[in-house]
Amino acid sequence: METPCTGDGITRETLLAWKKGGARALERIVRATMKRSYAIALGLLGNEQDAKDVSQEAYIAAHAARRSFDVERPFYPWFYRILRNRCLNLLERRSRHPEVSLDAICERSTAEDSPERSHARWETAAMVWKAIFSLSPEHREIIVLRSFQELSYREIARVLEISEGTVMSRLFYARRALREVLAGAGGVPGEQGNGES
Amino acid sequence: MRYLDGEMNAAEASAFERHCEECTACGEQLKQFADLNAMTRRIAMKDPTDEFWERYWKSIYRRIERRAAWVLIIAGAAMLVAFALHEAIQSLRVVTFEKIAVLLVAIGGVLLLVSLARERINQRRVDPYRDVKR
């Protein structure tokens, strides 16, 4: 079995059993991918409740559409499109303004940090998190996949069905937009860039 | 971007570093994006508890199971009503309590379907996101 690009380790046998309606197979698939799906939905939608509801609905929709799934292909890119469409639908219904919750995140502070420094770092993290949600869904998505899911360009290209070159340029524009938002909020020093690194 | 994301091989990375040492504009831009990346990397999404994940899976399973149950119930009820209507048409002259009951259920069902269809059509007319792919 070809391992899916996302490294979920779902075997071909599991996918075949799932296509036949096997509940055990469905459970294996959900358990193997649910953390990633929830995190992606959280990154796109901004709060835990929506992330939970929408990612669960995506699994239910995927299960209903399982007969159209080709077991020779990896599961996650196929599922990702369902998840993504559902997230975008919700954002459209909310006029693209997610309800952002800071409860969903924490700051990677180190043990040596003083309380003041730790607080300052938390404030910066909160500002960056909020800034991410002022980006377009397309830009937010690529930042979530790269920075939070830590997918490689190749994996992102496969999941989004775009070329690696497009991944690179979209990341550049997304980060530039993020930097502009943060610069406007006084969060990032420096001027606006025009080229790619 | 490729350099910052570790997508360059060692030769490409060292050539790029040399270029940034010589080119002030690229060096400055690299620093700005590196700072931004560092800020983004400091954010971590909280991992929900094991209980959350257990409930997460069980909720999916329960909803799929209930959906299947509703489909079966609705299909069975539709078949029963269709059969009863067929029987009623076969013997129109004899009016029984069962026939009246089935007729009421059938009329109620049709009314409900018409009402739902009308609501959906009206919603679709005014929905600004009707073209969004589901």
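Keep in mind that what you see is a predicted model, and the values were worked out from it rather than measured.

**Student:** Even after reading the chapter, I still don't get the packing of aromatic side chains, so can you show me in this structure?
**Tutor:** Pairs of aromatic rings are described using the distance from one ring centre to the other and the angle between the two planes. In the structure shown here, the tally under the stated rule is 21 aromatic pairs over all chains. A ring pair is formed by Trp129 of chain A and Phe133 of chain A, whose centres lie 4.9 Å apart and whose planes are at 70 degrees; its orientation type is edge-to-face. Overall, the relative accessible area of 6% leaves Phe133 of chain A in the buried class. An aromatic cluster of at least three residues, connected via ring pairs, comprises Trp18, Tyr38, Tyr59, Phe69, Phe75, Tyr76, Trp78 and Phe79 of chain A together with Phe52, Trp53 and Tyr56 of chain B. The residue whose ring lies beneath Arg179 of chain A is Phe33 of chain B, and the NZ or CZ to ring-centre distance is 4.8 Å.

**Student:** Sorry, what's going on with the packing of helix H8 (residues 164-184) of chain A against helix H2 (residues 24-41) of chain B here?
**Tutor:** For any two helices packed against each other, one specifies the inter-axial angle together with the distance between the axes. Two elements in contact, H8 of chain A and H2 of chain B, have axes separated by 11 Å at closest approach and are oriented at 80 degrees. Our classification of the angle between H8 of chain A and H2 of chain B gives roughly perpendicular. For the pair formed by H8 of chain A and H2 of chain B, the contact residues are Phe172, Arg175, Arg176, Leu178, Arg179 and Leu182 of chain A on the first element and Gln29, Gln32, Phe33, Leu36, Asn37 and Thr40 of chain B on the second. Tallied by class, the residues present in the contact of H8 of chain A with H2 of chain B amount to five nonpolar, four polar and three charged.

**Student:** Help me understand helix H3 (residues 48-64) of chain A in this model?
**Tutor:** At 3.6 residues per turn, the α-helix brings residues three or four places apart onto the same side. In a regular helix each residue adds 1.5 Å, so 17 residues correspond to 24 Å; H3 of chain A covers 24 Å between its end C-alpha atoms and thus fits that length. Those residues of H3 of chain A not exposed but buried are Asp50, Ala51, Val54, Ser55, Gln56, Ala58, Tyr59, Ile60, Ala61, Ala62 and His63 of chain A. Buried residues in H3 of chain A make contact with helix H1 (12-19), helix H2 (23-45) and helix H4 (75-93) of chain A together with helix H3 (50-90) of chain B. Capping the start of H3 of chain A, Asn47 of chain A holds a side-chain oxygen 3.4 Å from the backbone nitrogen of Gln49 of chain A, two or three residues further along.

About the criteria used
Residues numbered from 1 in each chain as written. Chains lettered and ligands numbered in written order. Predicted model: local features only at pLDDT ≥ 70, side-chain atom pairs only at ≥ 80, totals over all residues. Heavy atoms only, no water. Phe/Tyr/Trp six-rings, centres within 6.5 Å; stacked < 30°, edge-to-face > 60°. Buried < 20%, exposed > 50% of the residue type's maximum accessible area, 1.4 Å probe, protein only. Lys NZ or Arg CZ within 6 Å of the ring centre and 35° of its normal. Axes fitted to C-alpha atoms, helices over the stretch in contact; angles between N-to-C directions. Helix = DSSP H or I, 4+ residues; strand = E, 2+ residues; numbered from the N terminus. Parallel < 35°, antiparallel > 145°, perpendicular 65-115°, else oblique. Contact = heavy atoms within 4.5 Å. Nonpolar A, V, L, I, M, F, W, Y, C, P; charged D, E, K, R; others polar. Expected span 1.5 Å × (residues − 1). Polar contact = N/O pair within 3.5 Å; in protein donor to acceptor, adjacent residues only side chain to side chain.

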